[in-house]
Amino acid sequence: MVNEGKSLAEALLSAKAEGRLTVGVYECAKIMNEDPDSVSFCLLATDDFECDIALQIHFTLIQAFCFDNDISIVRVNDLKRLNTLVGVKGQLEDAHCVLITNPAEDSWEDPALEKLHLFCEESRSYNEWVPEITLPER
């Protein structure tokens, strides 16, 4: 899991630097509705103690959408660490859902993102439809 966590952190930082990151449940739902083909990867994050029923309903709908549109999806259980990676310094983001969109057609594929797609594909072969990844410490 360490390699997947490192790959996820690298993919998030790369996408953030390139402006390919969407953060927030409602913002992500809007992108998925308007241009689902632009979405490359989906990340759902909760803290273990969180049991917000509305959030769980959103997650169920997002998961179904990702499955129907062949979008790789994972879970992360460290919302604070994810906020550190995707948020703006000093500003708390709603990082319960994060999307990475496809790179521009004239740019190179992100190797970290490719590793994550392979990890998700392998997990599905073991009937683990939404695998959990642990983000590495700083």
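How each quantity is defined
Residues numbered from 1 in each chain as written. Predicted model: local features only at pLDDT ≥ 70, side-chain atom pairs only at ≥ 80, totals over all residues. Heavy atoms only, no water. UniProt positions renumbered as here; feature names shortened; annotations may be inferred. Core = buried A, V, L, I, M, F, W, Y, C linked by side-chain atoms within 4.5 Å. Buried < 20%, exposed > 50% of the residue type's maximum accessible area, 1.4 Å probe, protein only. Helix = DSSP H or I, 4+ residues; strand = E, 2+ residues; numbered from the N terminus. Contact = heavy atoms within 4.5 Å. Pairing = 2+ DSSP bridges. Axes fitted to C-alpha atoms, helices over the stretch in contact; angles between N-to-C directions. Lys, Arg positive; Asp, Glu negative; His and termini not counted. Salt bridge = Lys/Arg side-chain N within 4 Å of Asp/Glu carboxyl O. pLDDT = per-residue confidence, 0-100. Phe/Tyr/Trp six-rings, centres within 6.5 Å; stacked < 30°, edge-to-face > 60°. Expected span 1.5 Å × (residues − 1). Arc of directions from axis to C-beta. Polar contact = N/O pair within 3.5 Å; in protein donor to acceptor, adjacent residues only side chain to side chain.

- Looking at an unreviewed UniProt entry, the protein carries the name Ribosomal protein eL8/eL30/eS12/Gadd45 domain-containing protein, with the source organism given as Onychostoma macrolepis.
- Note on the protein: under the UniProt heading Sequence similarities (unreviewed entry), the record states "Belongs to the GADD45 family."

**Concerning the nonpolar core**
Generally speaking, nonpolar side chains in soluble globular proteins are found buried as a group.
Right, on to step 1. In terms of nonpolar packing, the biggest core is built from 26 residues, with Leu8, Leu12, Leu82, Val86 and Val98 touching the most fellow members.
Right, on to step 2. Counting only elements with at least two residues in this core, the list comes to helix H1 (2-17), strand S1 (21-23), strand S2 (39-45), strand S3 (72-76), helix H4 (79-86), strand S4 (97-101) and helix H5 (111-125).
Right, on to step 3. Sequence-distant contacts of Leu82, that is, excluding residues within four places in its chain, are made with Leu12, Leu43, Ala45, Ala95, Val98 and Leu135.

**Re the sheet that holds S2**
Right, on to step 1. One open sheet holds the four strands; their spatial order is S1-S4-S2-S3, and the pairing between them is mixed. Edge positions in the sheet fall to S1 and S3, since each has one partner strand and no second. If you compare each strand with its neighbour and ignore which way they point, the axes differ by 20° on average.
Right, on to step 2. On top of the sheet, helix H2 (residues 25-34) reaches S1, S2 and S4; it is set at about 40° to S4, its chief contact.

**Thoughts on the side chain of Arg75**
Right, on to step 1. Among the structural elements, Arg75 can be located in strand S3.
Right, on to step 2. Here Arg75 sits buried without a salt bridge, and the closest side chain of opposite charge, Glu132, lies 6.1 Å off (N-O distance).
Right, on to step 3. If near-sequence neighbours (up to four positions away) are discounted, Arg75 is found in contact with Leu43, Leu44, Thr46, Gln56, Phe59, Gln63, Val130, Pro131, Glu132 and Ile133.

**Looking at the confidence of the model for the protein**
Any segment with low pLDDT has predicted coordinates that should not be analysed in fine detail.
Right, on to step 1. Looking at the protein, the pLDDT average stands at 87 and 89% of residues meet or exceed 70.
Right, on to step 2. Per-element mean pLDDT across the protein ranges from 88 in H4 up to 95 in S4.

**What about the packing of aromatic side chains?**
Aromatic ring pairs: the centre-centre distance and the angle between the two ring planes describe each pair.
Right, on to step 1. All told, the structure shown has one aromatic pair when counted by the stated rule.
Right, on to step 2. When the ring of Phe67 is compared with that of Trp129, the centres are 6.4 Å apart and the planes differ by 70°; the resulting orientation is edge-to-face. One end of the pair, Phe67, is in helix H3 (residues 53-68); the other, Trp129, is in the segment after H5, and 62 residues separate them in sequence.

**A closer look at the pattern of salt bridges**
Right, on to step 1. All chains considered together, the criterion is met by two salt bridges.
Right, on to step 2. In this structure, Glu18 engages Arg20 in a salt bridge whose closest nitrogen and oxygen atoms are separated by 2.6 Å.
Right, on to step 3. A relative accessible area of 6% means that Arg20 is categorised as buried.
Right, on to step 4. Residue Asp110 is joined to Arg20 by a salt bridge in which the shortest nitrogen-to-oxygen separation is 3.9 Å. Here the residue Asp110 occupies a position in the loop between S4 and H5, and Arg20 occupies one in the loop between H1 and S1, the gap between them amounting to 90 residues.

**Considerations on unusual backbone geometry**
Right, on to step 1. A positive phi angle, close to 55°, is found at Asp70, a residue other than glycine.
Right, on to step 2. Despite not being glycine, Asn127 shows a phi value in the positive range, around 60°.
Right, on to step 3. On the secondary structure map, Asn127 appears in the segment after H5.

**Side note on H5**
Side chains that are three or four residues apart share a direction in an α-helix, a result of its 3.6 residues per turn.
Right, on to step 1. In a regular helix each residue adds 1.5 Å, so 15 residues correspond to 21 Å; H5 covers 21 Å between its end C-alpha atoms and thus fits that length.
Right, on to step 2. Among all positions in H5, only Ala112, Leu113, Leu116, His117, Phe119, Cys120 and Ser123 are buried. The buried side chains of H5 occupy one side of the element, clustering within an arc of 160° when seen end-on. Residues of H5 that are exposed and point over 90 degrees away from its buried face: Pro111, Lys115, Leu118, Glu121 and Ser125.
Right, on to step 3. At the N-terminal end of H5, a side-chain oxygen is found 3.1 Å from the backbone nitrogen of Ala112, two or three residues along, and the residue is Asp110.
Right, on to step 4. At the C-terminal side of H5, Asn127 shows a positive phi close to 60°.

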